[in-house]
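Summary of structural features
Given next are the chains, with one letter for each unit.
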Amino acid sequence: MSTVARKLLSIVLLVLVLAGIYALATQKHKQREDIRQATVKLTPGCAEKLSRYGLVRNERYRSPYVLQRTGTAVSLRGYSDEDVRAIQRGCNIIDDTQGKLARDPALERWNTTRFIRGSHASCDHCHQGIGDKQDAHGNPLKGSLSLGASWVMADMYDRFTGMLLPFELRQMQCFINSSNGYKPNIADDVLRDVTAYSRFLSAALALKIGKHYDEQGIDEIPASATPKQGDDYVRGEFLYKEKCQVCHGRQAFGLEANGQLVAPALAGPNAWNTQSRNYFYYVSTILPGFICRNMPLGAENTLSNQECRDIAYYISNLPRPAGDRQGPIIALQHQALMTFMPPLMRLMESPRKGGVAADPAPERDK
Amino acid sequence: MKSLAAFLKPPLGQHWPTLQSNMLVGLTLALVTLPQAVAFSVTLAGVPPHFGIYAAVWGVLFCTMLNPSRVFHGGPNTAMSATIGVTLLPTAPPFGAEYMGYALTLGLMAGLIQLTFYLIRPLGRMLDLISEPVINGMICGIGMFLIFRSLTTFGGLPLNTEVEWPLWIAWHSFLAVLEVGNLYAIEIGLITLITCVIVQQFDRLRNWAILLGIAAGTLYSQYLNARVGLQNTLVEQIGNLSSVGLVLPSLPLFNQESMPDIISIVPGAFTLALLGLFQTVAAMRRMTRKAGGFTDSRKAIFSDAVSNCLLPFLSSLPTCASFNRMWLVHKLGIHSRLAIVSSALWLLLLVLFFAKVIAIIPMPAMAAVIILLGANMLNWEDIKPHFKDRREAIVFMASFLSVLFLDLFGAVIVGSILAIGYSKWEQAHPNISVRGNVLKIRGNFYYGSLPLIESTYHRVLEREGSVTIDLSDCYYIDREGIRWLAAAKAGQKAAFADRRRQNRRELARAAAGKDKSASGKRRDRPDRRKRSEF
């Protein structure tokens, strides 16, 4: 083949490849536009929450929650059809991140699972009550990671990165740390819809921009808030078995029944990674704070500060994935720990029970 | 003009035909460097465009003054700019005052590290031990890395503010470009890319490909702005450069508050320093081979180090040699420092008078340029020879993959260790052949290779009862080797042979006979070398 023909062929091939990429991008854009315009099928939790907060297309928005609690109707700017759909999609993502209730998770949840490693993590596990946890009287709960209260903090100083992080970047932190996954691009629809939902919550609850509320973030528990006994692995293990094991499984690998997730993993491949702020060795105040204010479900605020720190200490000693920035060698080490430690632990624990498999938890651990 | 050329000739030591041709080459270089300087600073390093422009002006001037090579062309560099971006993204938001301060601090630290390499001679000598497969592996890895890193800007998307493994970013960035990328930005990027590739096919226009590509992308962007409106296309542009003057003094950021961040970027400074020096030494080596002549690479290390210590005080990116631009100077047939100096001055003039034109260049076009440069770094002609030898292929692949799976700092460390390990492995494995009781050693006879030689020696000794060690092709013996040979001879079971000695005798005899017949006088024997005195 002559040089000219070869050059011509390479140009034609390149143009074809680039045209193919452009065609694919156009098709993907159209697909996303179709999803944006489509009616949203709400999860049962979202249907209940959004109807309670009176989300409808209107010129003005008056929150029934505010009216009920204060007796005064506050009129705010309303929502267009597009806004309503974005809020609905955002609510669905928080409630059912993995798309278990969706007909087509890739379409209805904007591929959120692509940004999550493992099959357990869902926003609702930490941001309970679909990001708006309340007691029986409708009072928001301290340290419950309310999304509405988080949104009104707007650009928040982050003491770990030393940066002012907008709400979207804080969501990215959740994806890379808590769900041990990847960051969506800041322009991704996942972040936009979750932001729309969080913003709606702040309007529904009449939260004010720039104000700090008790339900925002974690009620952190430092060592200074304990009787200074020191955090103890053995006490933590005992407490875990007494309070947590029934839901999260013997080795904290989570619990599934009939293909449905009962409780998420606190260790193992489906759990958060060692660069997460939930990891006790990285930040020792966040996980104890979460446990004290949000666990066990239905019996929140019953554990003492020291007990929460002990449980958090124990959980963080269980094998879990390495963070991406720790590099492939540490990742391999943690993978080996996750693969070999659980069977070894089971083996070691068996003789203590007199050789009797008294605990059926290993079979239930997934 | 001729008198001016004659005036300039002695101090610069030039050997060129006319001043005009130097100026023309300078203009060509300036036009080629300008888009690169802007693209590297904005797309890769995350700093305003004047950083790259000052690197192409002051960096080039400093390097040319300090380096006697007549083809050396410094200025902004892809890999170094990418290293700045990767190192600083976790510490501060790009384009902010703090970020720029850290960028200057990083450059200054890299310059000081490079100065250490110059002042401690053995340290500088270590750079010569980095073999070609390692450098090529790293260059290819960096090429891939540049492609991945430019994807988001190519699709008109913002960069995420922290870094993960480049490969994972690449895949997610690619999907993000497909799904949520700005289609106008993608169109501009594609037009730039296709224009560049087509122009590159014509040898005469090859060096103008980037410039023409950017021109095509900018024209299309202007067409879109006129048709749809900038508020609807939402395509980012470079922005106004009219504030760029002759010089913009700056100070690196050093204060107590920023110390934790500065400490965290020290590994990045090492990477930056080593990457710069690797490229400079490699480019100097290649260019001197291609262009003929010789320039000591220490002079290049000195010029890079001093320049990089000065540039942070002039709002500039660090500098290192650019093989592509050096090759362009060489191909244009000019071996003159004046041409290179004039390129810096031309560039400054271009920026001063055409700031408004540069301001409307769309960012996706810049990203397309970086993608093209990254793709050009993956040159099969450079890679192919490494796959002819298994060991070289392994070193190349390890170096290449370490850029993708570790990070640039990890790649520098892995590359350096591999290069030294590779040369040591080669030395420690001499070619040992056995024929009867003759043990022939081709290679080094030193403490590293001794265990291999010793095991073969004992095997032959056991089988044959005596051994003759043929040292004809042995080109280095260390003291431990001498002691072992002495011990073997003392055991009276080993004999030594050196055919070079025999050959030399024959040669000497022949020469002596010739001389005798010619003049009737006898000449002295040639000196024997120490290594054959066994």
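Residues numbered from 1 in each chain as written. Chains lettered and ligands numbered in written order. Predicted model: local features only at pLDDT ≥ 70, side-chain atom pairs only at ≥ 80, totals over all residues.

To continue, consider the overall build of chain B. A tally of helices and strands in chain B yields 24 helices and five strands. Here chain B holds 534 residues, and 46% of them are scored as buried. In chain B, once contacts between residues fewer than 6 apart in sequence are set aside, the share between residues at least 24 apart is 77%. (Helix = DSSP H or I, 4+ residues; strand = E, 2+ residues; numbered from the N terminus. Buried ≥ 20, exposed ≤ 12 C-beta atoms within 10 Å, placed from the backbone. Contact = placed C-beta atoms within 7 Å.)

Our next topic: the overall build of chain A. Of regular secondary structure, chain A possesses 15 helices and six strands. Judged by the C-alpha coordinates and their principal axes, chain A covers about 75 × 75 × 45 Å. For chain A, with 366 residues in total, the buried portion stands at 42%.

By size, the foremost hydrophobic cluster in this structure holds 145 residues, and its most contacted members are B:Val38, B:Val57, B:Ala103, B:Leu106, B:Leu347, B:Met366 and B:Val369. Beyond its immediate sequence surroundings of up to four residues, B:Met366 is in contact with B:Val38, B:Ala39, B:Val42, B:Thr43 and B:Ile361. (Core = buried A, V, L, I, M, F, W, Y, C linked by C-beta atoms within 7 Å.)

Before going further, it helps to spend a moment on the domain arrangement of chain A. All names here are of chain A. The domain architecture assigned to chain A consists of domain 1 (38-204) and domain 2 (223-364). Summarising the inter-unit geometry, the C-alpha centres of domain 1 and domain 2 are found 27 Å apart. With 16 residues of domain 1 at the interface, the matching set in domain 2 holds 18 residues. Mapped onto the side of domain 1 that touches domain 2, the elements with two or more residues apiece are helix 6 (123-126) and helix 9 (167-178). No other element matches helix 9, which puts three residues into the side of domain 1 that touches domain 2. Partitioned by chemical class, the residues of the side of domain 1 that touches domain 2 number five nonpolar, ten polar and one charged. (Domains from an automatic or database assignment. Nonpolar A, V, L, I, M, F, W, Y, C, P; charged D, E, K, R; others polar.)

Every contact between the two is made by 26 residues of chain A and, on the other side, 27 residues of chain B. Every element with two or more residues in the side of chain A that touches chain B is listed here: helix 1 (3-37), helix 9 and helix 14 (327-352) of chain A. Looking at which element gives the most residues to the side of chain A that touches chain B, the answer is helix 1 of chain A, with twelve residues. Each residue belonging to the side of chain A that touches chain B can be placed in one class, and the counts come to 14 nonpolar, four polar and eight charged.

What follows covers the environment of B:Gly96. Residue and element names in this part refer to chain B. Mapped onto the elements, Gly-96 comes out in the loop between helix 4 (78-88) and helix 5 (97-119). For Gly-96, a count of 13 C-beta atoms within 10 Å gives the class partly exposed. Sequence separation of Gly-96 and Leu-248 is 152 residues, and the distance between their C-alpha atoms is 17 Å.

Before going further, it helps to examine unusual backbone geometry. Residue and element names in this part refer to chain A. Along the chain, Met-295 connects to Pro-296 via a cis peptide bond; the corresponding omega equals -20°. Structurally, the position occupied by Pro-296 is in the loop between helix 12 (286-294) and helix 13 (305-316). Positioned with a positive phi, Ile-130 is a non-glycine residue whose angle comes to about 50°. Along the chain, the position of Ile-130 falls in helix 7 (residues 128-131).

Let us now look at the pairing of strand 1 (residues 431-435) of chain B. Residue and element names in this part refer to chain B. Burial analysis of strand 1 places just zero of its five residues in the buried class, a small minority of the element. As defined by bridge partners, strand 1 adjoins strand 2 (residues 438-445) across five bridges and the pair is classed as antiparallel. The residue bridging Ser-433 from the neighbouring strand is Lys-440, located in strand 2. The hairpin turn running from strand 1 into strand 2, its antiparallel successor, is two residues long, and Gly-436 in that turn takes a positive phi close to 65°. (Pairing = 2+ DSSP bridges.)

This part is about the environment of B:Leu314. Relative to the helices and strands, B:Leu314 is located in the loop between helix 14 (297-310) and helix 15 (323-331). Among all residues touching B:Leu314, those that are not within four sequence positions of it are B:Tyr54, B:Trp58, B:Val247, B:Leu248, B:Pro249 and B:Ser250.

Okay, the packing of helix 4 (residues 81-95) of chain A against helix 10 (residues 189-204) of chain A next. Residues and elements named next belong to chain A. Where helix 4 contacts helix 10, the axes come no closer than 7 Å and their chain directions differ by 100°. By the angle between their directions, the pair helix 4 and helix 10 is classed as roughly perpendicular. Residues Asp-83, Ala-86, Ile-87, Arg-89, Gly-90, Cys-91, Ile-93 and Ile-94 of helix 4 lie in contact with helix 10, whose contacting residues are Val-190, Arg-192, Asp-193, Val-194, Ala-196, Tyr-197 and Phe-200. Here the contact of helix 4 with helix 10 is composed, by residue class, of ten nonpolar, one polar and four charged. (Axes fitted to C-alpha atoms, helices over the stretch in contact; angles between N-to-C directions. Parallel < 35°, antiparallel > 145°, perpendicular 65-115°, else oblique.)

Before going further, it helps to examine the packing of helix 5 of chain B against helix 14 of chain B. Packed helices, taken two at a time, are described by their axes: the angle between them and the distance between them. Residue and element names in this part refer to chain B. Relative orientation of the contacting elements helix 5 and helix 14 amounts to 150°, with a least axis distance of 7 Å. The pairing of helix 5 with helix 14 is recorded here as roughly antiparallel in orientation. Helix 5 and helix 14 meet at a crossing whose hand is left-handed. Between helix 5 and helix 14, the residues in contact are Gly-107, Leu-108, Ala-110, Gly-111, Leu-112, Gln-114, Leu-115, Phe-117 and Tyr-118 and Arg-298, Ile-301, Phe-302, Asp-304, Ala-305, Asn-308 and Cys-309, respectively. Its residues assigned to classes, the contact of helix 5 with helix 14 comprises ten nonpolar, four polar and two charged. (Left-handed = near helix turned anticlockwise from the far one by under 90°.)

All names here are of chain A. Counted at 1.5 Å a residue, the expected span for helix 4 with its 15 residues is 21 Å, and the 21 Å between its end C-alpha atoms agrees. Burial of helix 4 is extensive: eleven of the 15 residues sit out of reach of the surface. Arg-85, Ala-86, Ile-87, Gln-88, Arg-89, Gly-90, Cys-91, Asn-92, Ile-93, Ile-94 and Asp-95 are the residues of helix 4 that are buried. (Expected span 1.5 Å × (residues − 1).)

Time to look at the environment of A:Phe280. Residue and element names in this part refer to chain A. Structurally, the position occupied by Phe-280 is in the loop between strand 6 (260-263) and helix 12. You can call Phe-280 buried: it has 22 C-beta atoms within 10 Å. Once the C-alpha coordinates of Phe-280 and Ala-312 are considered, the two residues, 32 residues apart in sequence, prove to be 6.4 Å apart. Aside from chain neighbours lying at most four places away, what touches Phe-280 is Leu-287, Ala-312, Tyr-313 and Ser-316.

Attention now goes to the confidence of the model for chain B. Residues and elements named next belong to chain B. Across chain B, the average pLDDT comes to 80, with 86% of residues at 70 or higher. Helix 5 holds the highest mean pLDDT among the elements of chain B, 93, whereas helix 1 (residues 2-12) holds the lowest, 46. Between residues 10-14, whose pLDDT stays under 50, and residues either more than four places distant or in other chains, the model counts five contacts. Note on residues 520-534: pLDDT is under 50 here. Beyond four places in sequence and across chains, it has 17 contacts. For this predicted complex, the interface score ipTM comes out at 0.82, while the overall pTM is 0.77. (pLDDT = per-residue confidence, 0-100.)

Mean pLDDT for chain A: 87, with 95% of residues reaching 70 or above. This model gives residues 355-366 of chain A a pLDDT under 50, and the stretch forms 17 contacts once residues within four places in sequence are excluded.

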